[in-house]
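Descriptive analysis of the structure
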Amino acid sequence: MLDANDLISATPTEIDTELARILKLVDEAFAAIARVQTRRKRRAKLGYADEPGKADPDVVAAKATIARCLKESEPLEAEFTRRGGWTRAYLVNNTNGHVHRTMQCRTCYPTTEFYWITDLSGADEDYIVGEAGEKACTECYPSAPVDVLRRPTRIKTPEQVARLAEKAARATANAVKAITAPDGGPLRTKRDGTIRTEVSARRAYADVVAYARYLRATGSTDRQALIAECEHDAELILAALAAKHAQSVEDVRAELAGSVDRRWKREYGRW
Ligand SMILES: [Zn+2]
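Residues numbered from 1 in each chain as written. Predicted model: local features only at pLDDT ≥ 70, side-chain atom pairs only at ≥ 80, totals over all residues. Heavy atoms only, no water.

A closer look at the overall build of the protein chain
A tally of helices and strands in the protein chain yields 9 helices and 5 strands. Listing each helix as α and each strand as β along the protein chain from the N terminus yields α-α-α-β-β-β-α-α-α-β-β-α-α-α. Per-residue burial over the protein chain gives 32% buried out of 271 residues. Sequence-distant contacts in the protein chain: of pairs separated by 6 or more residues, those separated by 24 or more amount to 59%. Summed over its atoms, the accessible surface of the protein chain is roughly 17,200 Å², and 54% of this surface lies on carbon and sulfur atoms. (Helix = DSSP H or I, 4+ residues; strand = E, 2+ residues; numbered from the N terminus. Buried < 20%, exposed > 50% of the residue type's maximum accessible area, 1.4 Å probe, protein only. Contact = heavy atoms within 4.5 Å. Areas by Shrake-Rupley, 256 points an atom, 1.4 Å probe, with all protein chains shown as cover.)

Encoded structure:
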């Protein structure tokens, strides 16, 4: 929400983003009213007459939303007018949709669905056309140079934006789960190969420490090399976990002592 003081210093993008948010609520409210009307018609066909004069609570709520939204949009529209307006760009929301200067473009229809590219609000027209490239509407931007109109567009549809956001969220989630050597390189162990996730690192640590304990408990001296290998891996994993969580190696060792004990009991309980 932008208050009166913010409004004077707000950028066109900030104002239009707020307007777009409000207009979306208005659209949703109109859709809710349309749903009630459809429901009423269906009921009437089935012979259920609605009580005359009785307002549907969904319609009452939707109308209240519309009234509130229009009131909220007034100062934003007024600021647009006060500044003598600014450029705006709209993308038609389908696979071959073009970027238009106005939703009143004569190449569009009343039913055309637009996505308001508020990031481009107030931008130079040349810049908008450059971003739109092949998607620039030649009716709205008649002076767009031919070579620009041949360029691939840099404008993303809401679906593309959502997909990119999902991808970024997945990458973050993977980074949270991932483990590397302290230097950021792959965590390569002798016994478990390259360990990629923190979960497998913790499991591998418990495995090698419990196994080394077992080898020692059996007292066989010919297994020194194996024990050394386990201990080497254990230290490597501890260092990686410590680096990832900015903890000391000893803190991580203490934290994992319980899972080592559990592994020991489960695998080598008879010892
Ligand atoms: Zn157009």
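Quick notes on helix H8 (residues 224-245)
Here H8 is 22 residues long and its end C-alpha atoms lie 32 Å apart, about the 32 Å a rise of 1.5 Å per residue gives. Along H8, the residues that are buried comprise Ile227, Cys230, Asp233, Ala234, Ile237, Leu238, Ala240, Leu241 and Ala242. Residue Ala246 follows H8 closely and has a positive phi angle near 50°. (Expected span 1.5 Å × (residues − 1).)

Description of the environment of Cys108
Counting through the fold element by element, Cys108 comes out in the loop between strand S2 (99-100) and strand S3 (114-116). Between the C-alpha atoms of Cys108 and Val92, which are 16 residues apart in sequence, the distance is 8.6 Å.

Let's talk about the nonpolar core
The biggest cluster of nonpolar side chains holds 25 residues, and the ones touching the most others in it are Ile179, Ile195, Tyr205, Ile237, Leu241, Val252 and Leu256. Where this core is concerned, the elements lending two or more residues are helix H7 (198-218), H8 and helix H9 (249-268). With 9 residues, the top contributor of residues to this core is H7. When neighbours within four sequence positions are excluded, Ile237 is seen to be in contact with Thr189, Ile195, Ala201, Ala204 and Tyr205. Leu91, Val129, Ala132 and Ile155 belong to the second-largest nonpolar core, a separate cluster that totals 19 residues. (Core = buried A, V, L, I, M, F, W, Y, C linked by side-chain atoms within 4.5 Å.)

Let's talk about the coordination of the zinc ion
At the metal site, the zinc ion is ligated by His100 (ND1), Cys105 (SG), Cys137 (SG) and Cys140 (SG), and these contacts range over 2.1 to 2.3 Å. Because the angles between the 4 donor atoms bound to the zinc ion fall within 99 to 119°, the donor set is best described as tetrahedral. (Donors = N, O, S within 2.8 Å, 3.2 Å for Na, K, Ca; no water. Tetrahedral: all angles 85-135°; square planar, octahedral: opposite > 155°, others 65-115°.)

Focus: the environment of Lys24
Among the structural elements, Lys24 can be located in helix H2 (residues 12-45). For Lys24, a relative accessible area of 52% corresponds to the exposed category.

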